[in-house]
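Take a look at the letters that make up each chain.
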Amino acid sequence: MDQLKKGFGRVEENEYQIARRRTYLKIDLDILSRNVSILNSLCSSNTEILAVVKGNAYGHGSVEIAKHLVDIGVKHFAVASPGEGIDLRKAGIDSYIQIFGNACEEEIPDLIEYDLVPTVGSVEFLREWALYSQNLCPEYLFEENYEFHRPVVIKVDTGMSRNGFQPEQLDDVVSYCDENGVRIHSIMTHFAAAWDDQAFTTLQLESFLNVAAKYRSRGIKLHAANSAGTLLGYGNDLDFVRPGIAMYGLPPDTTAFAIDMYNRLGLRPILSWMAKPNLVKTMSEGRTVGYDNTHRCEEGEIIATISVGYADGYNRLLSGKGIITTENGAECPVIGRVSMDAISVRLPYHEDKCSNFYIFKNDFTSPNSVVELAKQLHTITYDVVTSLAARLARVYAVKGSIYLTRT
Ligand SMILES: Cc1ncc(COP(=O)(O)O)c(C=O)c1O
């Protein structure tokens, strides 16, 4: 990893130089701080954020996002696999890190070595975990109140039908943990449709609290809310909320209702994707552009080549359909096929090839905003940002300075 702190003078030039490529992702950590404080303000005063930074922090770069969140006081993190957790540990994050999904027995040595908290949904895992921990610490085994110091999270499946124990199993699971010295950090559930289905979410929360609430008095924490739950008030009075997409300033869906809410609350996207062309040329009539000759030029069309392609996460379905914008908002259509490493765009006038373009704009309404792209691609915002490739340099802006990481 190559890191360089810079002031804002001649910033764009430096960013491209450091990125070693005429494109980079710009991530505004000050907006991230504001998004987190807005989410906090929607919760009860004792509710803490368990920040979801899986999928490389939804494409934003998990290490730098987590480091910044630590700086602003976030103490709990979640990722999807032990490998993602180990990446954070190796980068020096020593906070609580939970691994989502049903924990598997073969993950136990890594979970213990790197102090990662498993999410448990099977008796088989619990049995192995108890045996492993007892083997690790046999001298304490017969002490009264022995409890293995590495905790677990017990997941209750209240309707998602993917991970976790069934609600009616919870009492037996907790008793098993008590009898085998397994410490329970928290009990959680996950909403299937918190944004769209009020009745179902209410049932999920009720079914969770019916079986789990009584354990709160023992100091076991409870959590249920993802971004949608946090925004709409399901479970935002429990011990943690687990926002992912909303921290990054993106809505769970692309409806006007979601955009209105984000504007009202002040949540904003933290990511823009910048690029500048590596060639601009004026075309003669009849010249074709790109693979398969799908675009035929008119006389005088001004075409810029930008080194961004589907290997970067610019979806190939945007061939002949995508739009990128100049710094002053002029729209430039993507013409011809999106290649692996390049797109061609038509410019409205002869831009100097050093101008900056937005591949993704950090608002909700531009045709190249993540929200509009998700609509165009018939998908969700999560899909658009988690597709951003590791090879893209990520440049972080915070309090008037920038720094860059290459992964
Ligand atoms: C268990 C769990 N909690 C929270 C989240 C965060 O969801 P969102 O990004 O919608 O806030 C996820 C993401 O899928 C998840 O799997």
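Residues numbered from 1 in each chain as written. Predicted model: local features only at pLDDT ≥ 70, side-chain atom pairs only at ≥ 80, totals over all residues. Heavy atoms only, no water.

**Q** Any chance you could explain the confidence of the model for the protein chain here in plain terms?
**A** Any region with low pLDDT has predicted coordinates that should not be read closely. Looking at the protein chain as a whole, the pLDDT averages 92, with 92% of positions reaching at least 70. Within the model, pLDDT remains below 50 along residues 1–11, and this stretch shows 27 contacts once partners closer than five positions in the same chain are excluded. (pLDDT = per-residue confidence, 0-100. Contact = heavy atoms within 4.5 Å.)

**Q** In this structure, what is going on with the site of the ligand? I would like to understand it.
**A** Taken together, 13 residues sit near the ligand, with Lys54, Tyr58, Ser227, Gly244 and Tyr382 positioned nearest. Side-chain polar atom of arginine 242 to a nitrogen atom of the ligand: 2.9 Å apart, as the coordinates give it. Interatomic distance of 2.8 Å between a backbone N/O atom of glycine 244 and an oxygen atom of the ligand. Surface burial for the ligand is 91%, taken as the share of its 390 Å² of free accessible area covered by protein chains. In a pocket analysis with a 2 Å cut-off to the grid points, the ligand is assigned to the largest pocket. (Near = heavy atom within 4 Å. Polar contact = N/O pair within 3.5 Å; in protein donor to acceptor, adjacent residues only side chain to side chain. Areas by Shrake-Rupley, 256 points an atom, 1.4 Å probe, with all protein chains shown as cover. 1 Å grid on protein atoms, 1.4 Å probe; cavity = no way out; pocket = protein on both sides within 12 Å on 5 of 7 lines; lining within 4 Å. Sits in = over half its atoms within 2 Å of the grid points.)

**Q** Can you walk me through unusual backbone geometry in this structure?
**A** Glycine aside, residues mostly have negative phi angles, and peptide bonds mostly take the trans form. Even without a glycine there, the phi angle at aspartate 115 is positive, about 55°. Mapped onto the fold, aspartate 115 is located in the loop between α6 (108–113) and β6 (117–120). Positive phi, close to 55°, is recorded for histidine 378, a residue that is not glycine. Here histidine 378 lies in the loop between α12 (370–376) and α13 (381–386). On the accessibility criterion, histidine 378 (74% relative accessible area) is exposed. (Helix = DSSP H or I, 4+ residues; strand = E, 2+ residues; numbered from the N terminus. Buried < 20%, exposed > 50% of the residue type's maximum accessible area, 1.4 Å probe, protein only.)

**Q** Could you clarify how one ought to interpret the pattern of salt bridges in this entry?
**A** When charged atoms on two side chains of opposite charge get close, those side chains can pair. This model, assessed by the stated rule, comprises 11 salt bridges. As a salt-bridge pair, arginine 21 and aspartate 312 come within 2.8 Å of each other at their nearest N and O atoms. In this pair, arginine 21 is assigned in the loop between α1 (11–19) and β2 (23–28) and aspartate 312 in the loop between β15 (302–306) and β16 (323–326), connecting sequence segments 291 residues apart. Of the residues examined, aspartate 312 reaches a relative accessible area of 0% and is grouped as buried. The residue aspartate 239 makes a salt bridge to arginine 216 at a minimum N-O spacing of 3.1 Å. One end of the pair, aspartate 239, is in the loop between α10 (227–232) and β10 (240–241); the other, arginine 216, is in the loop between α9 (198–212) and β9 (221–223), and 23 residues separate them in sequence. By relative accessible area, which is 15% here, aspartate 239 ends up buried. Because the salt bridges share partners, they merge into one network encompassing Arg21, Asp312, Asp341 and Arg391. (Salt bridge = Lys/Arg side-chain N within 4 Å of Asp/Glu carboxyl O.)

**Q** Is there a simple way to think about the packing of helix α2 (residues 29–41) against helix α4 (residues 62–71) in this case?
**A** When two helices pack together, their arrangement is given by the angle between the helix axes and the distance between those axes. Relative to each other, α2 and α4 sit at 55°, their axes nearing to 11 Å. By the criterion of interaxial angle, the relationship of α2 to α4 is oblique. The interaxial crossing formed by α2 with α4 has right-handed handedness. The segment α2 lies against α4, with Leu29, Leu32, Ser33 and Val36 engaging Ile65, His68 and Leu69. Residues that form the contact of α2 with α4 fall into these classes: 5 nonpolar, 2 polar and no charged. (Axes fitted to C-alpha atoms, helices over the stretch in contact; angles between N-to-C directions. Parallel < 35°, antiparallel > 145°, perpendicular 65-115°, else oblique. Left-handed = near helix turned anticlockwise from the far one by under 90°. Nonpolar A, V, L, I, M, F, W, Y, C, P; charged D, E, K, R; others polar.)

**Q** Help me understand the environment of glycine 235 in this model?
**A** Along the polypeptide, glycine 235 turns up in the loop between α10 and β10. Using a relative accessible area of 3% as the deciding quantity, one classes glycine 235 as buried. Separated by 111 residues in sequence, glycine 235 and glutamate 124 have C-alpha atoms that sit 29 Å apart. In contact with glycine 235, not counting residues within four places along its chain, are Leu205, Ala225, Phe240 and Val241.

**Q** For this particular structure, what's the right way to read the packing of aromatic side chains?
**A** In this description, an aromatic ring pair is defined by two values, namely the gap between the centres and the angle between the planes. Taken as a whole and judged by the stated rule, the model has 9 aromatic pairs. Both rings, one in tyrosine 16 and one in tyrosine 24, keep their centres 4.9 Å apart while their planes meet at 70°; by these two values the pair is edge-to-face. An identical accessibility class is assigned to tyrosine 16 and tyrosine 24; each is buried. Geometrically, the ring pair formed by tryptophan 273 and tyrosine 314 is edge-to-face, given 6.2 Å between the ring centres and 70° between the ring planes. Highlighted residues: tryptophan 273 in strand β11 (residues 271–275) and tyrosine 314 in the loop between β15 and β16, separated in sequence by 41 residues. Judged by its relative accessible area of 1%, tyrosine 314 falls in the buried class. What links up through ring pairs into an aromatic cluster is the set Tyr58, Tyr248 and Tyr382. Here the guanidinium or amino end of lysine 361 rests over the ring plane of tyrosine 358, the centre of that ring lying 4.5 Å away. (Phe/Tyr/Trp six-rings, centres within 6.5 Å; stacked < 30°, edge-to-face > 60°. Lys NZ or Arg CZ within 6 Å of the ring centre and 35° of its normal.)

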